[in-house]
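Take a look at the letters that make up each chain.
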Amino acid sequence: MPSPALTESRDARRHFPAGLLQPEGCARFGMDTLLLAAFAARSLHALSPAERVPVLELGCGVGAALLTVALLEENMTALGVEHAPELTQAAEENIRRLGLTDRLHVLRGTLPARECLRRCREWLAEQPSGKQGAALILANPPYWTRHEGRTSPHALVETARRDTDTALDDFCRSAAALTRHKGYFCCIYDARMLPRLFEACTRHHLGIRRLLPVHPRKGRPAGRILLEARKGAAHDLHMEEALYLHPSKQEENARWTPEALQFCPFLGRPS
């Protein structure tokens, strides 16, 4: 007879991403998180490693992206970095509920602070193939500037949504500091602000290799861009075929297109 812990983890995986612990007042994870995780999992799959590869997430929140990557790609171990204590605790609990404590870990810290970078490097050095750095880093940086959109009364929401003068640069700087040579950096960003992302990647020697535009539906402009860059590589951009999330208005019998569900099957589950 399975143990209570095993039964809990099986149930949690069966219903994932529903049921994740999310503290009151935090930014709720959603479509962007799941899309980023599916995109990053494809980069990992291309590595075809002989052993588990080390992955980092910068600003992991409640751990939704890391959990998604772990469920899609078993051959990885990961560390999520998060500065908010309530989100760090929630991420640890979510990892425990899904029975992934052997592969996923959380570090409370603020990047690119020197102490946080040091602790990340210590964790990487403990991994079988991590001494040269992370094989892949993923991030979902804030999109809005301080002067855009409506402000939220919740500090955690504001931190997640709103960029400062240095937030995007801090993400890219940290990724470059912690990724191995030719390692991957994957992120999702507002398509309208793509030049800012290009500039930050260039500044920190992250060569852009793959872009996937994400459209709400055909006939609508891209709302998000999924980007893959490689540390120490030249820009060599491959623009992938656009991903359309929702059917046209004439085909609204389903919420998601078959292509979107094939790209990330978790989109079809309630969160």
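For the structure itself, look to the data block above.
What counts as what
- Residues numbered from 1 in each chain as written.
- Predicted model: local features only at pLDDT ≥ 70, side-chain atom pairs only at ≥ 80, totals over all residues.
- Heavy atoms only, no water.
- Buried < 20%, exposed > 50% of the residue type's maximum accessible area, 1.4 Å probe, protein only.
- Helix = DSSP H or I, 4+ residues; strand = E, 2+ residues; numbered from the N terminus.
- Pairing = 2+ DSSP bridges.
- Contact = heavy atoms within 4.5 Å.

**Quick look at the pairing of strand S5 (residues 179-190)**
Burial within S5 is extensive, with 9 of its 12 residues counted as buried. Two elements, strand S4 (residues 134-139) and S5, share 5 bridges in a ladder whose sense is parallel. Looking at the pairing, Ile137 lines up with Phe185 of S5. Here 7 bridges tie S5 to strand S7 (residues 224-231), and the two strands are oriented antiparallel to one another. Its bridge partner being in S7, Cys187 is matched across the sheet by Leu227.

**Quick word on helix H3 (residues 64-72)**
A large share of H3 lies buried, amounting to 7 of its 9 residues. Buried within H3 we find Ala64, Ala65, Leu66, Leu67, Thr68, Val69 and Ala70. Buried-residue contacts for H3 involve helix H2 (31-47), strand S1 (53-58), strand S2 (76-82), helix H4 (85-97), strand S3 (104-108) and S4.

**Looking at the environment of Phe16**
For Phe16, the position within the fold is in the loop between helix H1 (4-15) and H2. Residues Phe16 and Leu98, spaced 82 residues apart in sequence, show a C-alpha to C-alpha distance of 8.8 Å.

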